[in-house]
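Chain residues, written in single-letter form:
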Amino acid sequence: MVSQGASHLAPPWGAPGGLPATLEWVGGEEGGLRILDQTLLPGRVEMRVCQTAEEVWEAIRALRVRGAPAIGVAAAFGLCLGTRPFRDAEPDAFRAKVREVADYLCSARPTAVNLSWAIERIYAVTEQGFSDDTRKMWGAMLAEAQAIAREDAVVCRRIGEVGADLVPDGGAVLTHCNAGALATVTYGTALSMLYVAHEQGKRFQVFAGETRPLLQGARLTAFELAAAGIDVTVICDSTAASLMRAGRVQMVVVGADRIAANGDVANKIGTYSLAVVAKHHGIPFYVAAPLSTFDLTIADGDRIPIEQRPEEEIRNVCGRQVVAARAGCHNPAFDVTPAALINAIITERGRLKPVTAENIRDFF
Ligand code: MRU
């Protein structure tokens, strides 16, 4: 059954802990997309402004902006940037350009469905009766991208409200990768539950798996939770099982990049093994995700495209080669957790439990 969540709140602008916005459009119609460059965190807090679709594509591919909802929002603005120089073209030529740039941006990363979801929302604007006014059409595309960004903030806050009472007062929560403010416009998905629980006065500890090879847990999750005053401890990914066995974890919560129609969840590599170990120890395993992360066109997790990243990400650690040149490295960015291992999916519309194809069908 689906249980409905708490009340609607106004959009909470600004990241918890006073961090700069993960991404935002600056400067009106001639402006650009300003992102916090996450490849430099936590050492350097630097912003960069993207002015072209190519710069947005590169920022997504290089994980300067990352996390499923955030790359969707970035791509939506990227589509506006890539078509801006063609605002005076004939309507059909303009629409063809929008399609071309849309397909290009979708090629940046294959697993998170939020990317193509946001792109298709922008594309749909071009089919809404601006037949002979491409300038107006482009303005409406930018307004739609702004709407997607605003909605993401509201949706993430609501996910936190829906899930906060699951956070164990006096206990510990394990999370993986970064499903926080840095992965969304603000608040995050999995971490939103923690932010709201913290606001409610709950006391709890968070274990953040470091998340090899790119260390999103160590570099990003610990950074944003610590900035918000939440008690966070980084562990090597391999430490999780023994912590669970020792009774030091009461709940696991992660985000998602794509959820298939049967509830199988693609998320950062290592999520699946956490779910198996949590099941073994009887620890609840939750996924927090917006409805835009569900892909009902995909029957099960085996059909979700899994991004393969360059082997250098494993071979080199902090600029130093740690794997012999003759050895290979295998670097899938995501894995699939079967629905049967997931206690509930926390969405802005309520908690989806049990996680079954039938329940998901009813939910939508
Ligand atoms: O490769 P990344 O850093 O983009 O991977 C991110 C994740 O796996 C997140 O858990 C997921 O996108 C959900 S973000 C709210």
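Residues numbered from 1 in each chain as written. Predicted model: local features only at pLDDT ≥ 70, side-chain atom pairs only at ≥ 80, totals over all residues. Heavy atoms only, no water.

Q: Which parts of the structure should I look at to understand the pattern of salt bridges?
A: Note on pairing: side chains with opposite charge can pair once their charged atoms come close. Evaluated as defined, the whole model comprises 24 salt bridges. One salt bridge connects Arg121 with Glu151, and the closest N-O pair in it is separated by 2.7 Å. On the criterion of sequence distance, the pair formed by Arg121 in helix α4 (residues 113–125) and Glu151 in helix α5 (residues 134–163) is long-range, its members being 30 residues apart. Between Arg157 and Glu161 there is a salt bridge, and its shortest N-O distance comes to 3.5 Å. Placement of the pair is Arg157 and Glu161 together in helix α5, with a separation of four residues, close to one helical turn. One network of salt bridges, in which partners are shared, links Asp37, Arg48, Glu58 and Arg64. (Salt bridge = Lys/Arg side-chain N within 4 Å of Asp/Glu carboxyl O. Helix = DSSP H or I, 4+ residues; strand = E, 2+ residues; numbered from the N terminus.)

Q: What am I meant to see in the layout of surface pockets here?
A: Rolled over the atoms, a probe as big as a water molecule pinpoints where empty space is left. Here the largest pocket is characterised by a volume of approximately 290 Å³. Those elements giving two or more residues to the lining of the largest pocket turn out to be α10 (312–315) and β13 (316–317). Residues belonging to the lining of the largest pocket are distributed by class as follows: seven nonpolar, three polar and five charged. (1 Å grid on protein atoms, 1.4 Å probe; cavity = no way out; pocket = protein on both sides within 12 Å on 5 of 7 lines; lining within 4 Å. Points joined across faces, edges and corners; volume = space filled by probe spheres on them. Nonpolar A, V, L, I, M, F, W, Y, C, P; charged D, E, K, R; others polar.)

Q: What exactly am I supposed to notice about the nonpolar core here?
A: Proteins that are soluble and globular tend to have nonpolar side chains buried together. Ranked by size, the top nonpolar core spans 43 residues in total, and within it Leu23, Leu33, Ile60, Leu79 and Met141 carry the most contacts. The set of elements that each furnish at least two residues to this core consists of β2 (23–26), β3 (32–36), α1 (53–61), α2 (68–83), α3 (91–106), α4 and α5. A per-element tally of this core places α2 first, with 11 residues. Residues in contact with Leu23, not counting those within four places in the same chain, are Leu33, Arg34, Ile35, Val65, Ala70, Val73, Ala74, Thr184 and Val185. Grouped together as the second largest cluster of nonpolar side chains are 30 residues, Phe207, Val249, Leu291 and Leu352 included. (Core = buried A, V, L, I, M, F, W, Y, C linked by side-chain atoms within 4.5 Å. Buried < 20%, exposed > 50% of the residue type's maximum accessible area, 1.4 Å probe, protein only. Contact = heavy atoms within 4.5 Å.)

Q: How do you make sense of the packing of α2 against α5 when you look at a structure like this?
A: When two helices pack together, their arrangement is given by the angle between their axes and by how far apart the axes lie. Closest axis-to-axis distance for the α2/α5 pair is 9 Å, and the angle between their directions is 165°. When the interaxial angle is binned, α2 and α5 end up roughly antiparallel. α2 and α5 meet at a crossing whose hand is left-handed. In this structure, α2 contributes Pro69, Val73, Ala76, Phe77, Leu79, Cys80 and Thr83 to the contact, and α5 contributes Trp138, Met141, Leu142, Ala145, Gln146, Ile148, Ala149 and Asp152. For the contact of α2 with α5, the class distribution of residues is 12 nonpolar, two polar and one charged. (Axes fitted to C-alpha atoms, helices over the stretch in contact; angles between N-to-C directions. Parallel < 35°, antiparallel > 145°, perpendicular 65-115°, else oblique. Left-handed = near helix turned anticlockwise from the far one by under 90°.)

Q: How should I be thinking about the domain arrangement of the protein chain in this particular structure?
A: Many descriptions give the size of an interface as the accessible area lost when the pieces come together. One can read the domain layout of the protein chain as domain 1 (2–157) and domain 2 (165–363). With 40 residues of domain 1 at the contact, the number on the domain 2 side is 46 residues. Each partner contributes to the roughly 3,500 Å² buried at the junction of domain 1 and domain 2, and carbon and sulfur atoms together form 59% of this total. The partner of Glu199 in a salt bridge is Arg157, and the shortest N-O contact between them spans 3.0 Å. Across the domain 1-domain 2 interface, the total number found is 20 residue pairs in polar contact (both at pLDDT 80 or more). Of the residues in the side of domain 1 that touches domain 2, the class split is 24 nonpolar, 11 polar and five charged. (Domains from an automatic or database assignment. Buried area = accessible area lost by both parts, 1.4 Å probe. Polar contact = N/O pair within 3.5 Å; in protein donor to acceptor, adjacent residues only side chain to side chain.)

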